[in-house]
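# Fold and contact review
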Amino acid sequence: MQSMKEDEQFYLVRSDVLPESIKKTMEVKQLIERGKVKTIHEATQKVNLSRSAYYKYKDAVFPFQAMVKEKIITLFFHLEDRTGTLSKLLRIVAAAGCNILTIHQTIPVQGKANVTLSLDISQIDEKVDQLIHQLKQLEFVEQVTLLSSGV
């Protein structure tokens, strides 16, 4: 997927209103990705799409799941309930280049609280496993679990 330009906009569109050439471009991409065909020529023939139409749309259409899955992770934390712990945690996550999408924190019980963060990692400065390792090293973090990831 090419990097997003400043003036690009994205839309979420139901497949039943898309032109056939765009739907068939997605079929070609899936055939290639799954290894069902060896060449683009073979894939376009199989779905009855011209190669020129495929090349016109191939870098512009993506399944919704692929766009989302590659950029969002959900982390679960079990933290000690101390003043400023959530703030410190969020600062580290933000400093790594993650955009915090959601935060859910339980009420502390017996000095412990659970926090779940959903993060957009499209601009992350390091690998996710490095970030998780760094977060596990914090003295107030008892557990970090990657709940979902597309990376």
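Up top is the structure these notes are about.
Summary of the structure given here. (Residues numbered from 1 in each chain as written. Predicted model: local features only at pLDDT ≥ 70, side-chain atom pairs only at ≥ 80, totals over all residues. Heavy atoms only, no water.)

### Some words on the overall build of the chain
- A tally of regular secondary structure across the chain gives six helices and four strands.
- Each helix (α) and strand (β) of the chain, taken in turn from the N terminus, gives the series α-α-α-α-β-α-β-β-α-β.
- Taking all 151 residues of the chain together, the buried fraction comes to 30%.
- Of all intrachain contacts in the chain linking residues separated by at least 6 positions in sequence, the fraction that spans at least 24 positions is 67%.
- A total accessible area of about 10,300 Å² is found for the chain, and carbon and sulfur atoms account for 50% of it. (Helix = DSSP H or I, 4+ residues; strand = E, 2+ residues; numbered from the N terminus. Buried < 20%, exposed > 50% of the residue type's maximum accessible area, 1.4 Å probe, protein only. Contact = heavy atoms within 4.5 Å. Areas by Shrake-Rupley, 256 points an atom, 1.4 Å probe, with all protein chains shown as cover.)

### Notes on helix α1 (residues 20-33)
- For α1, spanning 14 residues, the distance from its first C-alpha to its last is 20 Å, which sits close to the expected 20 Å at 1.5 Å a residue.
- Looking at α1, one finds that the buried residues are I22, K24, T25, M26, V28, K29 and L31.
- As for α1, its buried residues are in contact with α2 (40-47) and α3 (51-57).
- Remark: G35 follows α1 within two positions and exhibits a positive phi of approximately 75°. (Expected span 1.5 Å × (residues − 1).)

### As for a nonpolar patch on the surface
- Taken together, Y11, V13 and V17 make up a surface patch of nonpolar side chains, about 330 Å² in accessible area.
- Along the chain, the position of V13 falls in the segment before α1.
- Relative accessible area serves as the criterion here: at 42%, V13 is assigned to the partly exposed category. (Patch = residues over 30% accessible without salt bridge, like charges linked within 9 Å, V, L, I, M, F, W, Y side chains within 5 Å. Salt bridge = Lys/Arg side-chain N within 4 Å of Asp/Glu carboxyl O.)

### Points about unusual backbone geometry
- Positioned with a positive phi, N48 is a non-glycine residue whose angle comes to about 60°.
- Tracing the sequence through the fold places N48 in the loop between α2 and α3.
- With a phi angle near 55°, Q110 is a residue other than glycine that sits in the positive phi range.
- Structurally, the position occupied by Q110 is in the loop between β2 (99-105) and β3 (112-120).
- Under the relative-accessibility criterion, Q110 is labelled exposed at 79%.

### Concerning the pattern of salt bridges
- Applying the stated rule across the entire model yields six salt bridges.
- Two residues, K23 and E20, come together in a salt bridge whose shortest N-O distance is 3.4 Å. Pair noted here: K23 and E20 are both in helix α1, with a separation of three residues, about one helical turn.
- A relative accessible area of 26% means that K23 is categorised as partly exposed.
- The exposure class assigned to E20 is partly exposed, which follows from its relative accessible area of 46%.
- Between E139 and R82 there is a salt bridge; the shortest N-O distance is 2.6 Å. Within this pair, whereas E139 is found in the loop between α6 (128-136) and β4 (141-148), its partner R82 is found in the loop between β1 (72-80) and α5 (85-95), the two being separated by 57 residues in sequence.
- Residue R82 is classed as partly exposed on the basis of its relative accessible area of 33%.
- Beyond isolated ion pairs, a larger network of salt bridges with shared partners links E80, R82 and E139.

### Examining the packing of α5 against α6
- Their axes nearest at 11 Å, the elements α5 and α6 cross at an angle of 155°. One way to sum up the angle between α5 and α6 is to call them roughly antiparallel. Note on packing geometry: the crossing formed by α5 with α6 is right-handed. Where α5 abuts α6, its residues L89, I92 and V93 lie against L131, Q134 and L135.
- Of the residues assigned to the contact of α5 with α6, the class counts are five nonpolar, one polar and no charged. (Axes fitted to C-alpha atoms, helices over the stretch in contact; angles between N-to-C directions. Parallel < 35°, antiparallel > 145°, perpendicular 65-115°, else oblique. Left-handed = near helix turned anticlockwise from the far one by under 90°. Nonpolar A, V, L, I, M, F, W, Y, C, P; charged D, E, K, R; others polar.)

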